[in-house]
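# Structural features, examined
Spelled out, the chains give:
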Amino acid sequence: IFIGNDLCAQAEIQLNDRENYAELANIYFKSGNWNEAKKIIDEGVKRYPKDSDLKMLLGKYYFEQEQNYELARYELLKALEYNKNNLEAKHILVNVEIGSQRFSSAACYVNELLEANPYGKELWMKKIEIYRLQDNDVEANRLLKRLRQVYPEDNEIKTAYLYYLEEEISARKKEGEINKVIDLAAILVEENPYNENSYIELIN
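Treat the numbers as computed from the prediction; the structure is a model and nothing was measured.

A few words on the overall build of the protein. Across its full length, the protein holds twelve helices and zero strands. A compact globule built from 204 residues would reach a C-alpha radius of gyration of about 17 Å, whereas the protein, at 23 Å, exceeds it by more than 25%. For the protein, the spread of C-alpha atoms along the principal axes amounts to about 70 × 40 × 30 Å. Across the protein, the fraction of contacts at a sequence separation of at least 24, relative to all contacts at a separation of at least 6, is 39%. For the protein, the exposed area adds up to about 12,300 Å²; of that, 47% sits on carbon and sulfur atoms. If the 27 positive side-chain charges of the protein are averaged to one point and the 37 negative ones to another, these points end up 4 Å apart.

With that settled, the discussion passes to helix H6 (residues 87-99). Given 3.6 residues per turn, any residue in an α-helix points the same way as the ones three and four places further on. Here H6 spans 19 Å end to end across 13 residues, near enough to the 18 Å set by a 1.5 Å rise per residue. Looking at H6, one finds that the buried residues are Ala89, Lys90, Ile92, Leu93, Val94, Val96, Glu97 and Ile98. The elements touched by buried residues of H6 are helix H4 (52-64), helix H5 (69-82), helix H7 (103-116) and helix H8 (121-133). The opening residue of H6, the one whose side-chain oxygen lies 3.4 Å from the backbone nitrogen of Glu88, is Asn86.

By the element assignment, Arg148 lies in helix H9 (residues 137-150). Residue Arg148 is classed as buried on the basis of its relative accessible area, which comes to 12%. Placed 13 residues apart in sequence, Arg148 and Tyr161 show a C-alpha to C-alpha distance of 7.1 Å. Among residues more than four places away in sequence, those in contact with Arg148 are Asp154, Ile157, Lys158, Tyr161 and Glu191. Within the structure, Arg148 has its side chain in polar contact with the backbone oxygen of Pro152 (distance 2.8 Å). Only 2.7 Å separates the side chain of Arg148 from the side chain of Glu191, close enough to count as a polar contact.

Before going further, it helps to spend a moment on the pattern of salt bridges. Enumeration according to the criterion identifies 19 salt bridges in this entry. In this structure, the salt-bridge partner of Arg102 is Glu97, at a minimum N-O distance of 3.2 Å. Judged by relative accessible area, Glu97 falls into the buried class, the value being 1%. Of the charged contacts, one joins Asp154 and Lys121 as a salt bridge, the two residues approaching to 3.0 Å between their closest N and O atoms. Here Asp154, found in the loop between H9 and helix H10 (155-175), pairs with Lys121, found in helix H8; they are 33 residues apart in sequence, far enough to count as distant. Summarising the burial analysis for this pair, Asp154 and Lys121 share the class buried. Connected through salt bridges with shared partners, the residues Glu70, Arg73, Glu97 and Arg102 form a single ionic network.

A word on the nonpolar core. Residues Phe29, Ile41, Met56, Leu57, Leu76 and Ile130 are the most contacted members of the largest nonpolar core, which totals 37 residues. Mapped by element, the contributors of at least two residues to this core are helix H2 (18-31), helix H3 (34-47), H4, H5, H6, H7 and H8. With 18 residues, the next largest nonpolar core counts Met125, Leu143, Ile169 and Val181 among its residues.

Counted at 1.5 Å a residue, the expected span for H9 with its 14 residues is 20 Å, and the 20 Å between its end C-alpha atoms agrees. Taken together, the buried positions of H9 are occupied by Ala140, Asn141, Leu143, Leu144, Leu147 and Arg148. Along H9, the residues classed as buried sweep out an arc of 165 degrees about the axis, all on the same side. Residues of H9 that are exposed and angled more than 90 degrees away from the buried face: Val138, Gln149 and Val150.

Rules used throughout
Residues numbered from 1 in each chain as written. Predicted model: local features only at pLDDT ≥ 70, side-chain atom pairs only at ≥ 80, totals over all residues. Heavy atoms only, no water. Helix = DSSP H or I, 4+ residues; strand = E, 2+ residues; numbered from the N terminus. Rg over C-alpha atoms; globule rule 2.2 N^0.38 Å. Contact = heavy atoms within 4.5 Å. Areas by Shrake-Rupley, 256 points an atom, 1.4 Å probe, with all protein chains shown as cover. Lys, Arg positive; Asp, Glu negative; His and termini not counted. Charge placed at Lys NZ, Arg CZ, Asp CG, Glu CD. Expected span 1.5 Å × (residues − 1). Buried < 20%, exposed > 50% of the residue type's maximum accessible area, 1.4 Å probe, protein only. Polar contact = N/O pair within 3.5 Å; in protein donor to acceptor, adjacent residues only side chain to side chain. Salt bridge = Lys/Arg side-chain N within 4 Å of Asp/Glu carboxyl O. Core = buried A, V, L, I, M, F, W, Y, C linked by side-chain atoms within 4.5 Å. Arc of directions from axis to C-beta.

As structure tokens, then:
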């Protein structure tokens, strides 16, 4: 129903301003009509070749529809060239760089986004994802512990932290580090007091 209403609203959008092109393109994106969105964006870019939002939408098209990381990166960097504060372009660039395995570059964009939104939980989770993709589990786990303290009521972070504890206990067992296993198992009981398996792990 909402999509239908959006499409009906297209007739009321007059393409006489760069914002109108972006608005109509987003309506097509939401309805899944990528080809029409691309036509509108191309037309808008011809009229406003240095508009940051239109360049961002073009990068979004290349990334989400064609999985063309090179073209997506080019257009998104142009968007930032015309407006260095285009946060949406940086968000997309994070995923473009992850998709093309340029993890250090992705981490840089995450850090820039965190400067604008230091309490953005999803950004911190994305940073953990990048650490893991770089096989840097030490930093990933250190950050996860901090997030558990900052967001004690967040179930997503709690689930990730419990999984880390279970994996760490298993790894330390294999290494024969019994004292470390006991410490971790005690934390697991504290974090998950209603799970009897946590107590059994510690008792064993």
